[in-house]
Amino acid sequence: ELSFMTQLENPRHKKSFFLQFISLFLFHLNKIKSAMTLRLTFFIAAAMLARTTFAQLFGGQQIISNQPNLYSDAYGIAGNIHIADLDGDEDMDVLWVSIDDHAIVWLENLGDGSFGAQHTLTGYDFSWYRPLCTHPVDIDADGDIDVISVEDGQIGVFRNLSDGNFAYQVINLTDWTDGVYSSFVTSGDLDGDGDIDLVMEDQGGGAGAPAGMVWMKNICMGHFGSEQYFNNDDYGGDEIVATDLDEDSDIDLLVRTGTTVAWYENLG
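Residues numbered from 1 in each chain as written. Predicted model: local features only at pLDDT ≥ 70, side-chain atom pairs only at ≥ 80, totals over all residues. Heavy atoms only, no water.

Draft legend 1. Main features of the environment of His 119. Mapped onto the elements, His 119 comes out in strand E6 (residues 115-120). With 24 residues separating them in the primary sequence, His 119 and Leu 95 have C-alpha atoms 9.4 Å apart. Excluding residues within four positions of it along the chain, His 119 makes contact with Ile 104, Val 105, Trp 106 and Glu 108. (Helix = DSSP H or I, 4+ residues; strand = E, 2+ residues; numbered from the N terminus. Contact = heavy atoms within 4.5 Å.)

Draft legend 2. View of the sheet that holds strand E5 (residues 103-109). Taken together, four strands build an open sheet; the order of strands is E3-E4-E5-E6 and the sheet is antiparallel. Each edge of the open sheet is held by one strand with a lone partner, namely strand E3 (82-84) and E6. Neighbour to neighbour, the strand axes of the sheet diverge by 25° on average, direction disregarded. In the sheet, E3 pairs with strand E4 (residues 93-98) via three bridges, with the strands oriented antiparallel. The residue bridging Ala 84 from the neighbouring strand is Asp 93, located in E4. (Pairing = 2+ DSSP bridges. Axes fitted to C-alpha atoms, helices over the stretch in contact; angles between N-to-C directions.)

Draft legend 3. Looking closely at the side chain of His 135. Relative to the helices and strands, His 135 is located in strand E7 (residues 131-137). For His 135, a relative accessible area of 11% puts it in the buried group. Here the side chain of His 135 touches Ser 187 through a polar contact of 2.8 Å, side chain to side chain. Look past the residues within four positions of His 135 in its chain and what remains in contact with it is His 82, Asp 146, Val 147, Ile 148, Val 185, Thr 186 and Ser 187. (Buried < 20%, exposed > 50% of the residue type's maximum accessible area, 1.4 Å probe, protein only. Polar contact = N/O pair within 3.5 Å; in protein donor to acceptor, adjacent residues only side chain to side chain.)

Draft legend 4. Broad picture of the pattern of salt bridges. Under the definition given, this model contains four salt bridges. A salt bridge links Asp 191 to Lys 217, with the shortest nitrogen-to-oxygen separation between them at 2.5 Å. One end of the pair, Asp 191, is in the loop between strand E11 (185-188) and strand E12 (197-202); the other, Lys 217, is in strand E13 (residues 212-220), and 26 residues separate them in sequence. Among the residues examined, Asp 191 registers a relative accessible area of 31% and is labelled partly exposed. For Glu 239, the salt bridge goes to Arg 256, with nearest N and O atoms at 2.7 Å. Taken together, the residues Glu 239 in strand E15 (residues 239-243) and Arg 256 in strand E16 (residues 252-257) connect sequence positions 17 residues apart. Given the relative accessible area of 39%, Glu 239 is considered partly exposed. Via salt bridges that share partners, Asp 191, Asp 193 and Lys 217 belong to a single interconnected network. (Salt bridge = Lys/Arg side-chain N within 4 Å of Asp/Glu carboxyl O.)

Draft legend 5. Main features of the sheet that holds strand E17 (residues 260-264). Taken together, the three strands give an open sheet; going across it, the order is E15-E16-E17, and neighbouring strands pair in antiparallel fashion. The open sheet has two edge strands with one neighbour each: E15 and E17. Averaged over all pairs of adjacent strands, the angle between strand axes in this sheet comes to 15°, irrespective of strand direction. Where E16 meets E17, five bridges bridge the pair, whose relative direction is antiparallel. For Thr 257, the partnering residue across the bridge sits in E17 and is Thr 260.

Draft legend 6. Structural detail: a nonpolar patch on the surface. A cluster of nonpolar side chains, Val 241, Leu 245, Leu 254, Val 261 and Trp 263, forms an exposed patch at the surface whose accessible area comes to about 430 Å². Here Val 261 is to be found in strand E17. (Patch = residues over 30% accessible without salt bridge, like charges linked within 9 Å, V, L, I, M, F, W, Y side chains within 5 Å. Areas by Shrake-Rupley, 256 points an atom, 1.4 Å probe, with all protein chains shown as cover.)

Draft legend 7. Spatial organisation of unusual backbone geometry. Even without glycine at this site, Glu 90 takes up a positive phi of about 70°. By the secondary structure assignment, Glu 90 is in the loop between E3 and E4. A relative accessible area of 76% means that Glu 90 is categorised as exposed.

Draft legend 8. Quick look at the pairing of E13. Here five bridges tie E12 to E13, and the two strands are oriented antiparallel to one another. Paired with Val 199 across the strands is Trp 215, a residue of E13. Two strands pair when backbone bridges link them, and E13 and strand E14 (residues 223-230) are joined in this way by six bridges, in the antiparallel orientation. Within E14, the residue paired with Asn 218 across the bridge is Phe 224. Between E13 and E14, which follow one another and run antiparallel, lie two residues, and Met 221 among them has a positive phi close to 55°.

In structure tokens:
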């Protein structure tokens, strides 16, 4: 037993711990008739398990970028970091919107915990329609991950051409005063037709512009219909999760607006 305790101090032996734990317990099960002693033995073994399990947590901080620029002073909003396999090499790359830099950027995961150079998604002039939020999803069902870009009154998609090469396409082009002005977008098959639709909040782009929750139907292969508004309140939602909350096989929406969390049932 002393040898067993000594091995627990060496992290290299942690993988074999459970086999040793079972062997120790079975040994005492066969040799000791006293139920009280058996409970004590099990308690000691469980304590050793806890000490081994929590002996090592995480390593030090490993910075992969010093320039995410996720928060916009001008807009008062913060972008979100996403992970997705953007180049099809089966590891998770990192994606975000650099709002005040007018850019969508991603870092390639090299597969060993290190990351390559920063890539900027190009294909459209963001000098006016700056991106506010983004969302990675296979929007055209071709097996690779595309990138949705919601901008000042405009919605677009960077279609993944393979190996992390993208081509930009406008989904809905409007002017700033009546277009979608959003800081959060997500996706899901909202109408149950097998295509991935988009849902976002709209803060209202200008005087008289609509505001609230809005979704766009994926008609086919990433081609979308016009915006469909619901819950026309003043702000929409700061965060949105699309999932089946009531287990009726359709996608509902969980929404946080400020300090309020609510959900919207999909009525079909």
